[in-house]
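# Structural overview
In case you want the letters, here they are:
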Amino acid sequence: ASADTRGKCRSDQARFTSAHRVSEDMPELSGSDDQVSVFLKTAVEQLARGAVHAALTAASEACHCAPDDPRAHYVYGQAWLAHNQPARAEQAFTAAIKLAPQFADAWINYGIARYRQGAIEDAKTAMRQVLLFAPDHAVATSNLAAFMRDRRDLPTYTATLPRPGL
C-alpha cells in the first residue's frame, strides 16, 4: 500500500472502527472447499502484511471458486478497502450481505465504504442495520456515533443579507 493509502486508513481509524480481520461472525459453510479456504487464508495473511495486490488476487480467486460464499466476497471487499477503492469494496460487501444478511462485519465495512465515498447517510443506515439484529454490537455503535458527529451531510446555507441602500 502506498503512503497515501496507509495514511487514509489511519485517518479513518481515528474516526471509526473497521472490521479488518476475519470476523468472528463470519458465516461458516458446511463442506467449505479447501481451496477456497487456502485462498481466503492467503488473502487475510497478505492484507496483514500490507501486500494489497496479492490479497486482491487471492480474494478474487476465492470469489471465482466459491461465488456463493459470503466470506470470499467479504475478504475481497476488505482488500479493496485496503487498496483505497471504496466503490469496489462496496460491491464486494453488497455481495456478501446478499448471501448472509446478518453478517455484521460485512455491513460495517459496507458502511465504511459508503462513508469513504461521501454517502454518510448510507453509512449510518448500515450501522443501524447491524444494531437491528445485534443491538449491543460495540463497533456498530461506535461507528454510528462517529458518523453522527460528521456534519458533511448537512446542507450549507448562504444567508442573504439586506444590502445597504436598498
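The sections below set out a description of the structure shown in this document. (Residues numbered from 1 in each chain as written. Predicted model: local features only at pLDDT ≥ 70, side-chain atom pairs only at ≥ 80, totals over all residues. Heavy atoms only, no water.)

### Structural notes on the packing of aromatic side chains
Here is the rule: In this analysis, rings of Phe, Tyr and Trp, with Trp reduced to its six-membered ring, are considered paired at centre separations within 6.5 Å, and the interplanar angle assigns stacked below 30 degrees, edge-to-face beyond 60, and tilted for intermediate values. Put simply, DSSP H or I for four residues or longer makes a helix, DSSP E for two residues or longer makes a strand, and each gets a number counted from the N terminus. Only protein chains enter the area calculation, which uses a 1.4 Å probe; residues under 20% of their type maximum are buried, those over 50% are exposed, and those in between are partly exposed.
Enumeration over the complete set of coordinates arrives at five aromatic pairs. Here the aromatic rings of Tyr-76 and Trp-80 are separated by 5.8 Å at their centres, their planes lie at 70 degrees, and the arrangement is edge-to-face. With Tyr-76 and Trp-80 both in helix α4 (residues 70-82), this residue pair falls four residues apart, about one helical turn. By relative accessible area, which is 21% here, Tyr-76 ends up partly exposed. With 4.8 Å between their ring centres and 20 degrees between their planes, Tyr-115 and Phe-147 make a pair best called stacked. Here Tyr-115, found in helix α6 (residues 104-116), pairs with Phe-147, found in helix α8 (residues 138-149); they are 32 residues apart in sequence, far enough to count as distant. A residue is classified by how much of its surface remains accessible, and Tyr-115, at 3% relative accessible area, is buried. According to the relative accessible area criterion, Phe-147 is buried, its value standing at 1%.

### Focus: the packing of helix α2 (residues 34-49) against α4
Formally: The axes are straight lines fitted to the C-alpha atoms, using for helices just the contacting stretch, and the angles between their N-to-C directions are given from 0 to 180°. Our angle categories are set so that under 35 degrees counts as roughly parallel, over 145 as roughly antiparallel, 65 to 115 as roughly perpendicular, and the remainder as oblique. Left-handed describes a crossing whose near helix is turned anticlockwise from the far helix by less than a right angle; the clockwise case is right-handed. The criterion used for residue contact is that any of the two residues' heavy atoms lie within 4.5 Å. Gly is placed with the polar residues, together with every amino acid not listed as nonpolar (Ala, Val, Leu, Ile, Met, Phe, Trp, Tyr, Cys and Pro) or charged (Asp, Glu, Lys and Arg).
Two numbers describe how α2 lies on α4: the axes approach to 10 Å, and their chain directions differ by 20 degrees. Here α2 is positioned roughly parallel relative to α4, judged by the angle of their axes. Crossing geometry of α2 relative to α4 is assigned as left-handed. Where α2 approaches α4, its residues Val-36, Leu-40, Ala-43, Val-44 and Leu-47 are matched on the opposing element by Arg-71, Ala-72, Val-75, Gln-78, Ala-79 and Ala-82. Looking at the contact of α2 with α4 residue by residue, the classes come out as nine nonpolar, one polar and one charged.

### Quick word on the pattern of salt bridges
Threshold: We define a salt bridge as a side-chain nitrogen of Lys or Arg found within 4 Å of a carboxyl oxygen belonging to Asp or Glu.
For the structure on display, the rule yields five salt bridges. Residues Glu-45 and Lys-41 are paired through a salt bridge, measuring 3.9 Å at the closest nitrogen-oxygen approach. Remark: Lys-41 and Glu-45 occur in helix α2; sequence separation between them is four residues, near one turn of the helix. Residue classification places Glu-45 among the partly exposed residues on the basis of a relative accessible area of 40%. A single network of salt bridges, built from pairs that share partners, joins Glu-90, Arg-114 and Asp-122.

### A closer look at unusual backbone geometry
Even without a glycine there, the phi angle at Asn-84 is positive, about 60 degrees. Summarising the element assignment, Asn-84 is placed in the loop between α4 and α5 (86-99). Residue classification places Asn-84 among the partly exposed positions, given a relative accessible area of 29%.

### Focus on the nonpolar core
Taken as a class, soluble globular proteins show a tendency for nonpolar side chains to be buried jointly. The criterion, for reference: Here, nonpolar core refers to any group of buried Ala, Val, Leu, Ile, Met, Phe, Trp, Tyr and Cys residues whose side-chain atoms link them within 4.5 Å.
Within the largest apolar cluster, 42 residues are counted, with the highest numbers of intra-cluster contacts made by Tyr-74 and Met-127. Here this core takes eight residues from α6, the largest share from any one element.

### Things to note about the environment of Ala-51
Among the structural elements, Ala-51 can be located in the loop between α2 and α3 (52-65). For Ala-51, a relative accessible area of 21% gives the class partly exposed. Between the alpha carbons of Ala-51 and Ala-82 there is a distance of 9.4 Å; along the sequence they are 31 residues apart.

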